[in-house]
Amino acid sequence: MLLRMSTLLLKTLREEPADAEVPSHRLLVRAGFVRRAAPGGYTWLPLGKLVLDRVAAIVQEEMAAAGGQEISFPALLPREPYETSGRWTEYGDDIFTLKDRRGADHLLAPTHEEMVTLLVQDMTGSYRDFPLILFQIQTKFRDEARPRGGLLRGREFLMKDAYSFDLTDDGLVEAYARMRAAYQRIFTRLGLEHTIVSAVSGAMGGSASEEFLASAEVGEDTYVGCTACDYAANTEAVVTPAPPAREVTAPPLAVHDTPETPTIASLVDLANTRALGGRTDWTAADTLKNVVVTVQHPGREPELLAIGLPGDREVDLKRLNAALAPATAVLFDGFDSRPDLVKGYIGPQDIKIRYLADPRVAPGTAWLTGANEPGKHATDVVCGRDFTPDGTVEAAEVRPGDTCPACGDGSLTMRRGIEIGHIFQLGRRYTDAFKVDVLGADGKPARPTMGCYGIGLSRAVAAIAEQHHDDRGLTWPAAIAPADVHIVAAGKDGQVEAALTLAGSLSRAGLRVLVDDRPNVSAGVKFTDAELIGISRCVVVGRRLSEGYVEVRDRRTQDRREVPLVDVAGVITTELG
RNA sequence: CGGGUCGUGGCGCAGCUUGGUCAGCGCGCUCGCCUUGGGAGCGAGAGGACGCGGGUUCGAAUCCCGCCGACCCGACCA
């Protein structure tokens, strides 16, 4: 490959684009890799397309090595299959839908579980057709409420999704493990430092699920790690260790006048001032906070739900929503129409709506909580005696320092990352929905079980840019850089010809070459552009050319050394290793 | 969807409070000269319905109303 900058569609920007905030977005636009074309939609310019294609090639190689067969589905799909799976409504506003000229509903695919399930139903009939792994690289569409971060969250993006089909649960576990290993190889080859965390399945359904998170300040996912073991999880998937049930030793419930205490802080203050229950050491953690939310189940009437949790914790709506999926919850604000729910003084005793409690609210624990009357609270409200939750829920915020749920020893730390991959053991959710049965070895019908495995390719490019840049520009890992070597013709005119000659020979030697042969562009501009574009190896054809030397530079370390012109191919090839 | 900021040549911005040679600056672009190892210099140019639609006024980029769009924070999000 030989690319000449004199003819390349490339325009580097000296100034930062006003609409770009995160480093990857700023640099990819400034260096001429992508350009915004629509809200949440980006045009891949020649340099960017080269990178994207190299990322895709690595993914294809590893998918094939893991036994995957590549196919390609349409992006424009009819409504029916998604109606059958229930996702037409579950995905809700996040799905792009449209009508054709006859008024029939269609959608722009956000993901393809339905189609691949139908395909497998159509093309298989026997246990001999399994196991099977199919994958595709496709443009996906999601009507994101708010695209952001350039390539990091678009409404249209490139994704690799793979689907495994097995007839046994063991087979699924094996396929999942194989894909998991392939993902580790892929992200390592892409130069992405990443962590695998336990996750929740969300709208996809299914059981086991893990996310691959590329560490980055601008990441949208918060995940936890443990100081003592190798536990790692998305905050949404953190399970709260429940204390064991205990004997009820608390005195009977007692109601107290607690005027003007609608908040936990004001309640704790007053409790200590008045020595409620004979104590003056009340803390927020002794109180039971009860928060009312409106829950929307797909296609049903909204339901009111109360959440009980220790008063020193806030409700984390992300965690709550993950726990309630596919239903969604928002804070309730209609207290005026519900006199039985006294805002600021709600208690779980005889509450009229469904009540779910944090796991810390274990049987036998006693709490200071609302008495369901304005200006009154109750002490010694005991779980299991004075109230019984309808279940537990993971809705409380996770905090650094919380006890690790895996080892029970270490404490949790919190970090941010970009979700670059997500793998699921879906199970039979979709094969059940479409009643996919094949003939088993025993002559009886068998229903395949599925896994699905996604990688955001365009997002991966952005994640790589987040992890590989400095104050001068991008610093691509060699495996996915737009070229192997960037040749700069510095100095007088004769050097352009020499640079082109060198470029030709390196190209014939199998290297991917970008050569800056622009006439009438000063050396300084070329150097600055080369550093912005970020190809790892740069050859400067300049002042020592007449002596038979060129300069070889390392983009990352800024090392420079003079190399005889005749040795350049060898030096570059060796160092690229 | 809530909150905030903002729409002026390709890009980044000033001008708006106090309406009237305000269509302006930097970068980029074109042509010429010069320069050629760190975003050079000089000269000459091209390019803008000031987001859209109404309104006020003798006169609107500037004031008023409505709309649209973008970005940021939050909500939401394989």
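The rules behind each value
- Residues numbered from 1 in each chain as written.
- Chains lettered and ligands numbered in written order.
- Predicted model: local features only at pLDDT ≥ 70, side-chain atom pairs only at ≥ 80, totals over all residues.
- Heavy atoms only, no water.
- UniProt positions renumbered as here; feature names shortened; annotations may be inferred.
- Helix = DSSP H or I, 4+ residues; strand = E, 2+ residues; numbered from the N terminus.
- Contact = heavy atoms within 4.5 Å.
- Core = buried A, V, L, I, M, F, W, Y, C linked by side-chain atoms within 4.5 Å.
- Buried < 20%, exposed > 50% of the residue type's maximum accessible area, 1.4 Å probe, protein only.
- Domains from an automatic or database assignment.
- Near = heavy atom within 4 Å.
- Polar contact = N/O pair within 3.5 Å; in protein donor to acceptor, adjacent residues only side chain to side chain.
- Nonpolar A, V, L, I, M, F, W, Y, C, P; charged D, E, K, R; others polar.
- Salt bridge = Lys/Arg side-chain N within 4 Å of Asp/Glu carboxyl O.

As annotated in an unreviewed UniProt entry, chain A is Proline--tRNA ligase from Actinoplanes philippinensis. The annotation that UniProt attaches to chain A under Catalytic activity (unreviewed entry) is "tRNA(Pro) + L-proline + ATP = L-prolyl-tRNA(Pro) + AMP + diphosphate". If you open the UniProt record of chain A and go to Subcellular location (unreviewed entry), you find "Cytoplasm".

Position of Glu-210 among the secondary structure elements: in strand E11 (residues 209-215). Those residues in contact with Glu-210 that sit more than four places away from it in its chain are Tyr-176, Arg-180, Ile-196, Val-197, Ser-198, Ala-199, Gly-421, His-422 and Ile-423.

If you look at the biggest cluster of nonpolar residues, it comprises 62 residues, and the most contacted ones within it are Phe-33 and Trp-476. The residues that make up this core include at least three from each of domain 1 (50-238 + 414-466) and domain 3 (483-576). The residues contacting Trp-476, other than those within four sequence positions of it, are Leu-28, Phe-33, Val-51, Val-461, Ile-464, Ala-465, Ala-481, Pro-482, Ile-533, Gly-534, Ser-536 and Arg-556.

Around RNA strand B sit 47 residues, and of these Arg-14, Arg-142, Arg-146, Arg-153 and Arg-553 come closest. In this structure, Arg-30 approaches RNA strand B through a side-chain N or O atom, which is 3.0 Å from a base oxygen. At 3.0 Å, a side-chain N or O of His-422 approaches a sugar or linking oxygen of RNA strand B. Of all the secondary structure elements, the ones that give two or more residues to the surface near RNA strand B are strand E9 (156-166), helix H8 (317-324), strand E22 (412-427), helix H12 (523-533) and strand E31 (549-554). Per element, the largest residue contribution to the surface near RNA strand B is seven residues, and it comes from H12. Looking at the surface near RNA strand B, its residues break down into 14 nonpolar, ten polar and 23 charged.

Mapped onto the fold, Asp-517 is located in the loop between strand E29 (513-516) and H12. By relative accessible area, Asp-517 is classed as buried at 4%. A polar contact is formed between the side chain of Asp-517 and the side chain of Arg-4, at a distance of 2.7 Å. Every residue in contact with Asp-517, bar those within four places of it in the chain, is listed here: Arg-4, Met-5, Ser-6, Val-496, Leu-500 and Lys-526.

Here the focus is the pattern of salt bridges. What the rule picks out here adds up to 44 salt bridges. Lys-376 serves as the salt-bridge partner of Asp-257, at 2.6 Å between the closest nitrogen and oxygen. Separated by 119 residues along the polypeptide, Asp-257 in strand E14 (residues 254-257) and Lys-376 in strand E20 (residues 376-382) bring together distant segments of the chain. Classification of Lys-376 by relative accessible area gives partly exposed; the value is 22%. In this structure, Asp-437 and Arg-447 form a salt bridge, with 2.8 Å as the shortest nitrogen-oxygen distance. One end of the pair, Asp-437, is in the loop between helix H9 (429-433) and strand E23 (438-439); the other, Arg-447, is in the loop between strand E24 (445-446) and strand E25 (449-456), with ten residues separating them in the sequence. Within this structure, Glu-61, Glu-62, Arg-185 and Arg-189 form a network of salt bridges that share partners.

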